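Notes for the structure review
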Amino acid sequence: MRARLADIAQQAEVSEATVSRVLNDRPGVAPETRQAVLTALDVLGYERPARLRKRSAGLVGLVVPELENPIFPAFAQVVESGLAQAGYTSVLCTQTPGGVTEDEYVEMLLDRQVSGIVFVSGLHADTAADPARYRTLITRPLPIVLVNGYQPGLPAPFVSCDDREAGELAVAHLVALGHRRIGLITGPGRYVPVQRKVAGFKTAMKRLVGLPDAELDELAELSLFGVEGGEVAAARLLDRGVTGLVCGSDLMALGAIRAARQRGLSVPADLSVVGYDDSPLMAFTDPPLTTMRQPVTAMAVAAVRALVDEIHGHAAPHSEYIFRPELVVRGSTAVVPGVLDKPVDKPRPPAADLPLPV
């Protein structure tokens, strides 16, 4: 026993007395020191005493659409960390085209007797999907939290970014730079976040530019999410003479920039582009992307807190928590081409000061 204490103490860089206190689960040891001793036990291959084995509060499912868009790994990381701090182990479920569906993942999670599920941008965001699948989970009862998508009538906590305001803020930014011919690129129209972005875009364009609905419809292109969808939609809008683009995701914005460069246009000299998400690495693109930042950390923390409260029987309010986006201005937006080149009209002198005819 003495030899083992000495080995652990040396590995953890603490005294043998400290190791003894930790192994006997006695007070008076700093959390970081306690963790160092437990880590030393694991490294040296010693089995932790039963009293020190971390008790898992259970499994929690985390369902996300895919991991190619960097915003979803960002959500997953914060949710996983928050669940771990609450004593839960997360089970990450990601969907790929032709792969396991959301409903199939749910069945797998139920087989594993999860304590709850967090859905990020799932079928709850699709107005064409049947919300009964979530109502069935709620009546089991199984606590769920739904992120970025809203279904009226579902008694569950919803956490969303204010997509309508994001659309308005992006348009206002471009209008302030002198743009009037502004296009919108976003995903399929059946999704709630898309519908809200379109509504925000049209509201701002009517208020700030004064365009009628008929013309606004021509300036909104609904495409597939991703770089390729953004590229195709941007090509159509460039044919219609836009000087600025508001995009439904950062990846779509990168596709729009690629479409512009294929035509020999420069961003932002010839075309200004605004993304959405502020996903990792967008500050390092060429040019650095101006974008609407989703408050991922705050949203994910709220989702975890609501779910844990539901699991513990302290029902969270069954309403939609809406978080405000933030405009992050970088190098992909600039003053509309030609504004700075226009000659400044000099004011005419008052009539009384005009020279009299000779």
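Since this is a predicted model, take the numbers as computed values, not measurements.

Overview of the packing of aromatic side chains
Overall, the coordinates contain three aromatic pairs when judged by the stated rule. Aromatic side chains Phe119 and Tyr134 sit 5.2 Å apart centroid to centroid with 85 degrees between the ring planes, which places their arrangement in the edge-to-face category. Linking Phe119 in strand E3 (residues 116–120) with Tyr134 in helix H6 (residues 132–139), this pair joins segments that are 15 residues apart in sequence. The exposure classification of Phe119 matches that of Tyr134, with both residues buried. Judged by centre distance (6.1 Å) and plane angle (55 degrees), the ring pair of Tyr191 and Phe225 falls under tilted. One end of the pair, Tyr191, is in the loop between strand E6 (182–186) and helix H8 (192–208); the other, Phe225, is in the loop between strand E7 (220–222) and helix H10 (227–239), with 34 residues separating them in the sequence. For Tyr191, a relative accessible area of 21% puts it in the partly exposed group. Here the guanidinium or amino end of Arg4 rests over the ring plane of Tyr46, the centre of that ring lying 5.6 Å away. Cation over ring: Lys197 sits above Tyr276, and NZ or CZ is 3.9 Å from the ring centre.

Remarks on the pattern of salt bridges
Counted under the stated rule, the structure contains 17 salt bridges. Of the charged contacts in the structure, one is a salt bridge between Lys197 and Asp163, with a shortest N-O distance of 2.8 Å. A residue pair is termed long-range when its members are at least 10 positions apart, and Lys197 in helix H8 and Asp163 in helix H7 (residues 163–176) qualify at 34 residues. Here the two residues Lys197 and Asp163 agree in accessibility, since each one is buried. With its nearest N and O atoms 2.8 Å apart, the salt bridge here joins Asp217 to Lys202. Pair noted here: Asp217 is in helix H9 (residues 213–218) and Lys202 is in helix H8, with a separation of 15 residues, a long-range link. When its relative accessible area of 21% is taken as the criterion, Lys202 is described as partly exposed. Via salt bridges that share partners, Asp278, Arg293, Glu326 and Arg330 belong to a single interconnected network.

Thoughts on H7
In this model H7 runs 20 Å from its N-terminal to its C-terminal C-alpha over 14 residues, within 8% of the 20 Å that 1.5 Å per residue would give. Those residues of H7 not exposed but buried are Asp163, Glu165, Ala166, Gly167, Ala170, Val171, His173, Leu174 and Val175. Gly178 occupies a position one or two residues after H7 and carries a positive phi of about 100 degrees.

Comments concerning the state of the cysteines
As used in these notes, a disulfide is a covalent bond between sulfur atoms, one from each of two cysteines. Tallying each qualifying case throughout the model produces zero disulfides. Looking at Cys161, it has no disulfide partner, and the nearest cysteine sulfur is the one in Cys247, 16 Å off.

Some remarks on the packing of helix H2 (residues 16–23) against helix H3 (residues 31–44)
Running from N to C, H2 and H3 cross one another at 85 degrees; their axes reach a closest spacing of 10 Å. When the axes of H2 and H3 are compared, the pair comes out roughly perpendicular. On the side of H2, the interface is formed by Thr18, Val19, Val22 and Leu23, while H3 contributes Thr33, Arg34, Val37, Leu38 and Leu41.

Re the side chain of Asp250
Within the fold, Asp250 resides in helix H11 (residues 250–262). Buried charge without a partner: Asp250 forms no salt bridge, and the closest opposite charge is Arg330, 6.7 Å away. Apart from residues lying up to four places away in sequence, Asp250 is in contact with Gly275, Tyr276, Asp277, Asp278, Ser279, Met282, Leu289 and Thr291.

Re the sheet that holds strand E9 (residues 272–277)
Sheet architecture is open: six strands sit in the order E7-E6-E8-E9-E10-E12, paired in mixed fashion. Of all strands in the sheet, those bounded by a partner on one side alone are E7 and strand E12 (326–328). Along the sheet, successive strands turn relative to each other by an average axial angle of 20 degrees, direction set aside. Across three bridges, E6 lies against E7 in parallel orientation.

Some words on the sheet that holds strand E11 (residues 320–323)
What the six strands build is an open sheet, ordered E2-E1-E3-E4-E5-E11; its pairing is parallel. On the outer flanks of this sheet lie strand E2 (88–94) and E11, each paired with one strand and no other. On average, each strand axis in the sheet is tilted by 15 degrees relative to the strand beside it, whichever way the strands run. The sheet contact formed by strand E1 (residues 58–64) and E3 spans four bridges and is parallel. Considered in E3, the bridge of Val60 is made with Gly116.

Reading the values: the criteria
- Residues numbered from 1 in each chain as written.
- Predicted model: local features only at pLDDT ≥ 70, side-chain atom pairs only at ≥ 80, totals over all residues.
- Heavy atoms only, no water.
- Phe/Tyr/Trp six-rings, centres within 6.5 Å; stacked < 30°, edge-to-face > 60°.
- Helix = DSSP H or I, 4+ residues; strand = E, 2+ residues; numbered from the N terminus.
- Buried < 20%, exposed > 50% of the residue type's maximum accessible area, 1.4 Å probe, protein only.
- Lys NZ or Arg CZ within 6 Å of the ring centre and 35° of its normal.
- Salt bridge = Lys/Arg side-chain N within 4 Å of Asp/Glu carboxyl O.
- Expected span 1.5 Å × (residues − 1).
- Disulfide = S-S within 2.5 Å.
- Axes fitted to C-alpha atoms, helices over the stretch in contact; angles between N-to-C directions.
- Parallel < 35°, antiparallel > 145°, perpendicular 65-115°, else oblique.
- Contact = heavy atoms within 4.5 Å.
- Lys, Arg positive; Asp, Glu negative; His and termini not counted.
- Pairing = 2+ DSSP bridges.

The quantities given are spatial measurements derived from coordinates; they are silent on function.
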